[in-house]
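# Summary of structural features
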Amino acid sequence: MKETSINPVELSAMIEKSAAAIVEPVERTLEHFLEIASVKSVYDSPVKHGETMIIPAAEVLGGLGFGMGVGTAVGENFGKKDKEEGAEVEEKPVEISQSGTGEKAPGGGGGGGGGGGRVFARPVAVIISGPDGVRVEPVVDATKIALAFFTALGFMVGMAGRMRRPPRSQE
Amino acid sequence: MPFLTIETLPGESIQTGPNKITPFSQAVKLLLPGSRGGLIWNRPVSVLVQGTDGSENVLPVVDVTRIAQLALLGIGLAIGILFLLINRR
């Protein structure tokens, strides 16, 4: 079994490097995410048809979340046994197994992160510019309105049903 | 970067015939501290139409679907509360 020794300072530098590798794509993704707050994400490029020009307008809603953690096992148990026995504590290099046999290394560290997000877009209106002037035509989503109607109707029917039910007798 | 920002931004002006159209959007940004994520809600608010004669006209962008949804929700809740009040008497 081949063993190499890594200094704790080198180990923490390695962890910092891996953390930076995680943070970089997170920041890049966040920058892209912030772009949805621009006007260009709401108004699309104009479409020309004869003398008429149409600009579609949409509502954009986006959410994003990240989480990450970096840690090392060196600080917890490093030199603990020596302290318990009352011996002088000195910094020793951390031994990390490179044998690949799955044996536990005396020290180590690592990091990880994850995240998720979603962006919703919904057409709201269309700006039409023609020879007779400029007007804003709303885009009506009949499905959403119907769903809201049936939800409200269900709530009202439910309440009416509760009204008709005879009150509970108290014994 | 502030936690919550609400800003109305103008877009690029578009020349169409005698009119110049400038769209406006409103963005609500809620950003978590430490670049951990956030929430952005961006919607169109109005369109400024400028004529060659110097006339300016602001056309609001009305979200009919949202208004209808909120109205139905409000009516449903109001009638439900009314039923509840009648039942208590």
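Read on for a plain summary of the structure. (Residues numbered from 1 in each chain as written. Chains lettered and ligands numbered in written order. Predicted model: local features only at pLDDT ≥ 70, side-chain atom pairs only at ≥ 80, totals over all residues. Heavy atoms only, no water.)

## A look at the overall build of chain B
Looking only at helices and strands, one finds 1 helix and 5 strands in chain B. Reading the helices (α) and strands (β) of chain B from amino to carboxyl end gives β-β-β-β-β-α. When burial is assessed residue by residue, chain B has 35% of its 89 residues classed as buried. Here chain B has roughly 5,500 Å² of accessible surface; of this, 64% comes from carbon and sulfur atoms. (Helix = DSSP H or I, 4+ residues; strand = E, 2+ residues; numbered from the N terminus. Buried < 20%, exposed > 50% of the residue type's maximum accessible area, 1.4 Å probe, protein only. Areas by Shrake-Rupley, 256 points an atom, 1.4 Å probe, with all protein chains shown as cover.)

## Thoughts on the overall build of chain A
Across its full length, chain A carries 4 helices and 6 strands. Listing every helix and strand of chain A by position from the N terminus yields β-α-β-β-α-α-β-β-β-α. A burial count over chain A gives 26% of its 171 residues as buried. Taking the contacts inside chain A whose residues are at least 6 apart along the sequence as the reference set, 68% of them involve residues at least 24 apart. Per element, the accessible surface of chain A, about 11,900 Å² overall, is 55% carbon and sulfur. (Contact = heavy atoms within 4.5 Å.)

## Things to note about the pairing of strand β4 (residues 37–50) of chain B
Most of β4(B) sits out of view: 10 of its 14 residues are buried. The pairing of strand β3 (residues 52–72) of chain A with β4(B) spans 6 bridges and is classified as antiparallel. Within β4(B), the residue paired with A:Val60 across the bridge is B:Asn42. Sheet topology places strand β3 (residues 19–31) of chain B next to β4(B); 12 bridges connect them, and they run antiparallel. Along β4(B), the bridge assignment pairs B:Lys29 with B:Ile40. Here β4(B) pairs with strand β5 (residues 56–60) of chain B via 5 bridges, running antiparallel. Looking at the pairing, B:Val49 lines up with B:Asn57 of β5(B). Taken together, β4(B) and the strand that follows it, β5(B), pair antiparallel across an intervening segment of 5 residues, in which B:Gly54 is found at a positive phi of about 90°. (Pairing = 2+ DSSP bridges.)

## Some details on the side chain of B:Ser25
Locating B:Ser25 in the fold gives a position in strand β3. You can call B:Ser25 buried: its relative accessible area is 0%. Leaving out residues up to four positions away in the same chain, B:Ser25 has contacts with A:Val39, A:Val42, A:Tyr43, B:Glu7, B:Thr8, B:Leu9, B:Asn42, B:Arg43, B:Pro44 and B:Val45.

## Let's talk about a nonpolar patch on the surface
There is a patch of nonpolar side chains on the surface, built from A:Phe155, B:Leu70, B:Leu73, B:Leu77, B:Ile81 and B:Leu85 and spanning about 570 Å² of accessible area. Ranked by residues supplied to the nonpolar patch, first place goes to helix α1 (residues 64–88) of chain B with 5 residues. Residue placement: A:Phe155 occurs in helix α4 (residues 142–164). Relative accessible area serves as the criterion here: at 35%, A:Phe155 is assigned to the partly exposed category. (Patch = residues over 30% accessible without salt bridge, like charges linked within 9 Å, V, L, I, M, F, W, Y side chains within 5 Å. Salt bridge = Lys/Arg side-chain N within 4 Å of Asp/Glu carboxyl O.)

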